[in-house]
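Working through the structure, step by step
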Amino acid sequence: MTPEQRKAHLANTAERIKKAREAELIKEKEFYTKITSGTSWLWFKIGTAFCILMVILTTYDTFFDGETKPISQNDYNFNRELYAIGYQSVWVDDNLFIVPIESMIGMDMNSFQVTYSPIFGDPKFLSFASYYEDTKTPLEKRIQVAQKRISIYEWFPLAQIMLLLPLLVIIFKRQKAWFNFARVGCFILLFPGSILLLFTLIL
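Please read these numbers as outputs of a predicted model, since none were measured by experiment.

Reading the values: rules and limits
- Residues numbered from 1 in each chain as written.
- Predicted model: local features only at pLDDT ≥ 70, side-chain atom pairs only at ≥ 80, totals over all residues.
- Heavy atoms only, no water.
- Pairing = 2+ DSSP bridges.
- Helix = DSSP H or I, 4+ residues; strand = E, 2+ residues; numbered from the N terminus.
- Buried < 20%, exposed > 50% of the residue type's maximum accessible area, 1.4 Å probe, protein only.
- Axes fitted to C-alpha atoms, helices over the stretch in contact; angles between N-to-C directions.
- Expected span 1.5 Å × (residues − 1).
- Contact = heavy atoms within 4.5 Å.
- Bend = angle between axes of the 7 residues up to and from the residue.

For the rest of this paragraph, the subject is the pairing of strand E3 (residues 87–92). Two elements, strand E2 (residues 76–79) and E3, share four bridges in a ladder whose sense is antiparallel. Bridging across to E3, Tyr 76 finds its partner in Val 92.

Here you go:
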């Protein structure tokens, strides 16, 4: 192969590579346009709006308390099956509260109350009175509080940050691989997870 032929061959090869790259970029742009428009993108926006609504509602429920209801001794029970060292498990229906053992000294068994969230009516925390005295301290009443475990209220603000991820995907959408990965992740994990979270709060 002469130098001229070699030069022509390299030029043709470079031209083919350039055209292939241009065709690939066109396909990428068409794919990006497709996933950021139409029905699938509309559903993504709907899912994002739902997640934002859940952020607002759960944040409000986290910072504000609703109704507080007294419960009788028949409405709760102690259970040591979890073997939480230094803590006592208290069950109210299917809701678990972990109470430090020292908080139970002088506990008034008839003073138990459950405070609910204002919007979803989900149990937030358990409270009860305890009475303490020693040689230096006169008898005094103390209100002990135990937050519900495995609850949206103990996950703040991590749960809210997770629910805001779809909004960040919309704000920072780019024709990049991470964007499609994040979009699919929202459809597979976050949107179903937000619906499941709603059901756990209202049921």
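Text resumes after the structure shown.
On to the pairing of strand E4 (residues 95–100), then. Among the six residues in E4, six count as buried, and that is most of the element. Covered by surrounding structure in E4 are Asn 95, Phe 97 and Val 99 together with Leu 96, Ile 98 and Pro 100, the residues of both alternating faces. Two elements, E3 and E4, share six bridges in a ladder whose sense is antiparallel. Paired with Tyr 87 across the two strands is Pro 100, which belongs to E4. With antiparallel pairing between neighbouring strands as the criterion, E3 and E4 make up a hairpin whose turn holds two residues, including Asp 93 at a positive phi of roughly 60°.

Below, the discussion takes up the sheet that holds strand E6 (residues 123–132). Strand order in this open sheet of four strands is E1-E5-E6-E7, and the pairing throughout is antiparallel. Only two strands of the sheet have a single partner each, and these edge strands are strand E1 (68–70) and strand E7 (140–147). Neighbour-to-neighbour, the strand axes of this sheet turn through a mean angle of 25°, independent of strand direction. Across three bridges, E1 lies against strand E5 (residues 113–116) in antiparallel orientation. For Pro 70, the partnering residue across the bridge sits in E5 and is Gln 113.

Here we take up helix H2 (residues 38–63). In a regular helix each residue adds 1.5 Å, so 26 residues correspond to 38 Å; H2 covers 38 Å between its end C-alpha atoms and thus fits that length. Listing the buried residues of H2 in full gives Trp 41, Phe 44, Gly 47, Thr 48, Cys 51, Met 54, Val 55, Thr 58, Asp 61 and Thr 62.

Tracing the sequence through the fold places Ser 117 in the loop between E5 and E6. Leave out the neighbours within four places in its chain, and Ser 117 touches Asp 61, Gly 66, Asp 122, Lys 124 and Tyr 153.

What follows covers helix H5 (residues 177–202). Helical geometry: 3.6 residues make up each α-helical turn, so side chains three or four residues apart lie on a common side. The end-to-end C-alpha distance of H5, which contains 26 residues, comes to 37 Å, matching closely the 38 Å that a straight helix rising 1.5 Å per residue would cover. Where H5 bends most, the angle comes to about 45°, and this point is Cys 186.

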